[in-house]
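# An overview of the molecular structure
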Amino acid sequence: MKLLTRYIIREHVGPLVFALSALTSLLMLQYVARQLANLAGKGLPWSAIGKFFVLSLPFTVAMTMPMAVLMATLFAFGRLAAEHEITAFKANGVRVRTLMAPVLACALLVSLVMVWFNDQVLPASNHRLRILQQDITRTKPTVALREQVLNPVTDQFFMRVARVNAETNRIYDVVIYDLSRGPERKTIYADSGIIALDSNGQDMIIQLFDGFAQEFVRGDAKRLQRSYFLTQTVRQKGIARGFETSESDSYKGDREMTVCEMHRRYRADAVEVERIRQEYISASRRIAGPGQRRIRVPRERPRTEVLAAFYCDRLLGGVASLVLPKKAKAQPPVPPPVQPPVAADSARVPKDTGLAAASGTPVVGQPAVPPPAPPSGITVLPRGSYTPAPGLTFEQDSTLRAAGIDPNTQVAAQQAAPTATIDTMSVYKSAVSAAGNQLIAAREGLDSLAVEIHKKFALSFACLVFVLFGPPIALRFPRGGVGATIGVSIVVFGLYYVCLMGGEALADKGRLPAYVAMWIANVIFTLAGLLLLWRVESTTDASRGGGLRDWWADRQARTLLAKAPVVTAEPA
């Protein structure tokens, strides 16, 4: 069996390397074609261009590895079936699942390696690639003017020249459109000019000769001012800027974080989402009708992702505990010595005449606060000389009477004054709307993190799924050759990618849980592979798994046998 295992694995290594190289090269060429416009004409050093393509490689490998595994499996088993080696194995009692066992073991190993690759290498490369793209975007090359074309120097400064002398940097028949001043846009016409860079190498200086400039005065479209000149200088700052690399960037998107980093952010965001959800439920109940018993609310999100918690806490935590030295435990704090009780201060003794007399120490109490004095010029009437107005104290009533104001008239005016009312239903509806908008934004961010976590694992274990799905397809078409291998691989991976992207879109909108959306494609192809493998194992053919035509022919034969009359011999 060791010889057979080595032989089967060796049959897959060559096609896997070739398929991975070819697919990665094709996708890289497509990516280069899309990014060529952002790289060309920037004056970038070759090191920056090489770094750009190297950092783009991990994402391409993460996408092409499952498809390369599928193509290698289809090609290897298809060649074995075409050369009747599968027939020879079956004749010697070796079943197809026995031949698939070493390939499945290797696929499991590749899947685990891809889990580490997608978790550690891919996020780091995506983060550095984003920083590099920002540096490239900030790079501005020197202006290369084209003749008889409107050249956008900046987004608000345009030039049109009839002829350019590259040796002397002289331009002829110049028209400049300057929109940098908003409504006071300016147009300059000149017979010729000289264009050059300033000594700092960043600012562009245009020396114009024999022309005129016209502009709208203070943005008034009815007032056009025209001024003639013999020589005029126009300066544009920051036209040329060299390539400068950024040191670091602390911000990370969801595709730039590892699984553990996303899981920590997921836990923090899940608490916030639940808080906003409870506010939404509370506000919705307040505006619910008397007969309304059910309130439509978003489903509750789990506080933690089980897969990420197992990977970070159990798996990586267990490996770290085995590899890294144990952390020293801190000694428990020593309690301070117990001090004897101190006698209570006599000044803090509560107000009790008996205790004061027993101790012989006078009780210190708070000083009496005199009542507030009435305003100057107002004499407060003595208490008991009259009955105060309803709703007023004796002091308030006495103060109003002393000031010459009738207290009863004052109380009646206050009661008759309109009071400001608040529409509570409008407040509750506004609270529901605000909580709903916050919940949608927080929920989308939380679902996006969950999708990225499950996508890393689902795309990694697609290698194992395709190894289970590929051999039955290859044995069904043993003489298809390379064309059938490429065609089936493109169709299968296209369906898988559509399922993956469709599930991601549904999960981002909250229609499906993240684990269902990301793993349903793997489940479907796994079940299809097991069904096809069962068909291959149960057929009587040595190399083919039986198709619909064979099944239909067998079905018709069984039907004819069932309808045929039963002939019985009569006893003699």
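Presented here is a report on the structure given in the accompanying data block. (Residues numbered from 1 in each chain as written. Predicted model: local features only at pLDDT ≥ 70, side-chain atom pairs only at ≥ 80, totals over all residues. Heavy atoms only, no water.)

### Notes on the pairing of strand β2 (residues 157-165)
Across four bridges, the pairing between strand β1 (residues 150-154) and β2 is antiparallel. Pairing of Asn 151 across the sheet is with Met 159, part of β2. Linking β1 to β2, which pair antiparallel, is a turn of two residues. Hairpin remark: β2 followed by strand β3 (residues 170-178), antiparallel, with four residues in the connecting loop; positive phi at Asn 169, about 60°. (Pairing = 2+ DSSP bridges. Helix = DSSP H or I, 4+ residues; strand = E, 2+ residues; numbered from the N terminus.)

### A word on helix α2 (residues 46-82)
Of all the bends in α2, the greatest, near 35°, is centred on Thr 64, and the proline Pro 66 appears no more than four residues after it. Taken across its 37 residues, α2 has 26 buried, putting it largely inside the fold. One or two residues past the end of α2 sits His 84, with phi positive at roughly 60°. (Bend = angle between axes of the 7 residues up to and from the residue. Buried < 20%, exposed > 50% of the residue type's maximum accessible area, 1.4 Å probe, protein only.)

### Considering the nonpolar core
Among soluble globular proteins, nonpolar side chains are generally buried collectively. Ranked by size, the top nonpolar core spans 72 residues in total, and within it Phe 77, Ile 86, Leu 99, Val 259, Phe 466 and Tyr 496 carry the most contacts. For this core, the leading source of residues is α2, giving 13 residues. Setting aside residues up to four positions removed in sequence, Val 259 forms contacts with Asp 119, Ala 308, Tyr 311, Cys 312, Ile 453, Lys 456 and Phe 457. Residues Phe 157, Val 161, Met 204 and Ile 206 belong to the second largest nonpolar core, which totals 18 residues. (Core = buried A, V, L, I, M, F, W, Y, C linked by side-chain atoms within 4.5 Å. Contact = heavy atoms within 4.5 Å.)

### Observations regarding the state of the cysteines
Applying the stated criterion across every chain yields a total of one disulfide. Between the sulfur of Cys 260 and that of Cys 312 lies a disulfide, 2.4 Å long from S to S. Its S-S torsion of approximately -115° makes the covalent link between Cys 260 and Cys 312 left-handed. Note that Cys 260 is positioned in helix α5 (residues 259-287) and Cys 312 in helix α6 (residues 306-323), a separation of 52 residues in sequence. The residues Cys 260 and Cys 312 share a single accessibility class, namely buried. (Disulfide = S-S within 2.5 Å.)

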